[in-house]
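The chain contents come next:
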Amino acid sequence: KNEVEQSPQNLTAQEGEFITINCSYSVGISALHWLQQHPGGGIVSLFMLSSGKKKHGRLIATINIQEKHSSLHITASHPRDSAVYICAALNYGGSQGNLIFGKGTKLSVKP
Amino acid sequence: NAGVTQTPKFRVLKTGQSMTLLCAQDMNHEYMYWYRQDPGMGLRLIHYSVGEGTTAKGEVPDGYNVSRLKKQNFLLGLESAAPSQTSVYFCASSYRNPRRQNYGYTFGSGTRLTVV
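Read on for an overview of the structure.

## Some points on the packing of aromatic side chains
Turning to step 1, where the next piece is worked out: Applying the stated rule across the entire model yields 6 aromatic pairs over all chains.
Turning to step 2, where the next piece is worked out: A centroid spacing of 6.4 Å and a plane angle of 35° characterise the contact between Tyr 35 of chain B and Phe 107 of chain B, whose relative ring orientation is tilted. With Tyr 35 of chain B in strand E4 (residues 31-37) and Phe 107 of chain B in strand E10 (residues 102-107), this residue pair connects regions lying 72 residues apart in the sequence.
Turning to step 3, where the next piece is worked out: Joined through ring pairs, the aromatic side chains of Phe 101 of chain A together with Tyr 33, Tyr 35, Tyr 105 and Phe 107 of chain B make up one cluster.

## Considerations on the pairing of strand E9 (residues 83-91) of chain A
Along a regular strand, successive side chains alternate from one face of the sheet to the other.
Residue and element names in this part refer to chain A.
Turning to step 1, where the next piece is worked out: Burial analysis of E9 places 7 of its 9 residues in the buried class, which makes it a mostly covered element.
Turning to step 2, where the next piece is worked out: Alignment of strand E4 (residues 29-37) against E9, held across 8 bridges, turns out to be antiparallel. The residue bridging Trp 34 from the neighbouring strand is Cys 87, located in E9.
Turning to step 3, where the next piece is worked out: Where E9 and strand E10 (residues 99-101) come together, 3 bridges link them in antiparallel fashion. Each residue of the ladder has a partner; that of Ala 89, found in E10, is Ile 100.

## A few points about the sheet that holds strand E7 (residues 64-67) of chain B
All names here are of chain B.
Turning to step 1, where the next piece is worked out: One open sheet accounts for 4 strands, arranged E1-E3-E8-E7; its pairing is antiparallel. Among the strands making up the open sheet, the edge pair consists of strand E1 (4-7) and E7. When the angles between neighbouring strand axes are averaged without regard to direction, this sheet yields 20°.
Turning to step 2, where the next piece is worked out: With 4 bridges joining them, E7 and strand E8 (residues 73-78) adopt antiparallel strand pairing. Following the sheet pairing, Ser 67 is matched in E8 by Leu 75.

## A few points about the interface of chain B and chain A
Turning to step 1, where the next piece is worked out: Counting residues at the interface gives 20 residues for chain B and 20 residues for chain A.
Turning to step 2, where the next piece is worked out: For the pair chain B and chain A, the summed buried area comes to about 1,600 Å², and 60% of that belongs to carbon and sulfur atoms.
Turning to step 3, where the next piece is worked out: It is Leu 43, Tyr 105 and Phe 107 of chain B that lose the most area in chain B upon contact with chain A, and together they represent 35% of the buried surface on that side.
Turning to step 4, where the next piece is worked out: Taken together, the links from chain B to chain A amount to 2 residue pairs in polar contact (both at pLDDT 80 or more).
Turning to step 5, where the next piece is worked out: Looking at the side of chain B that touches chain A, the elements that each hand over two or more residues are E4, strand E5 (44-49), strand E9 (87-96) and E10 of chain B.
Turning to step 6, where the next piece is worked out: Residue composition of the side of chain B that touches chain A, by class: 12 nonpolar, 6 polar and 2 charged.

Cut-offs and rules
Residues numbered from 1 in each chain as written. Chains lettered and ligands numbered in written order. Predicted model: local features only at pLDDT ≥ 70, side-chain atom pairs only at ≥ 80, totals over all residues. Heavy atoms only, no water. Phe/Tyr/Trp six-rings, centres within 6.5 Å; stacked < 30°, edge-to-face > 60°. Helix = DSSP H or I, 4+ residues; strand = E, 2+ residues; numbered from the N terminus. Buried < 20%, exposed > 50% of the residue type's maximum accessible area, 1.4 Å probe, protein only. Pairing = 2+ DSSP bridges. Axes fitted to C-alpha atoms, helices over the stretch in contact; angles between N-to-C directions. Contact = heavy atoms within 4.5 Å. Buried area = accessible area lost by both parts, 1.4 Å probe. Polar contact = N/O pair within 3.5 Å; in protein donor to acceptor, adjacent residues only side chain to side chain. Nonpolar A, V, L, I, M, F, W, Y, C, P; charged D, E, K, R; others polar.

Now the structure itself:
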């Protein structure tokens, strides 16, 4: 069983829809990251969370430490949001500061 | 501010050839990492470094070597390339604050390597 699980694996939405991507983890973490990867592109860090909720523009990330669950929401989705979204956990107490990655959610937003 | 720069961006190798991937960061980060990304799998850690002159093995180190002679550079070497090493390689860096928490994760744009 993977230590970081994302759902869904693939998601197709119409422009303007509200989107939710989920991430569950089984390890003790000190922080959780949401990353974005455009096709053929590099990886960009969107959020780093250790508790509560963060918002940046149309993106909202939440985390529930007790339930070991995080969600990434996109409001008023747009075709330019089409990308792979990756959840990554930072192991609590890890000496190397290494991230444990989910397999990603491929989002496609249709105009 | 360039962040993390990887070179080359693309490379095709023949089986048995060797090559070095270069990662350079200008953020004075202590921690640097090499990952590989394969279809259907999350990024997997190959090797990492917690400071100049130090390196350590990650999850999938076989067939790779690394060096961190200067703080800003982290080199990934393939001594004898194999088709199984066809992948996209990402370098990343981070720093650790006085509370021993890592921040500032920054990724390079990736190197697409094909071994034929």
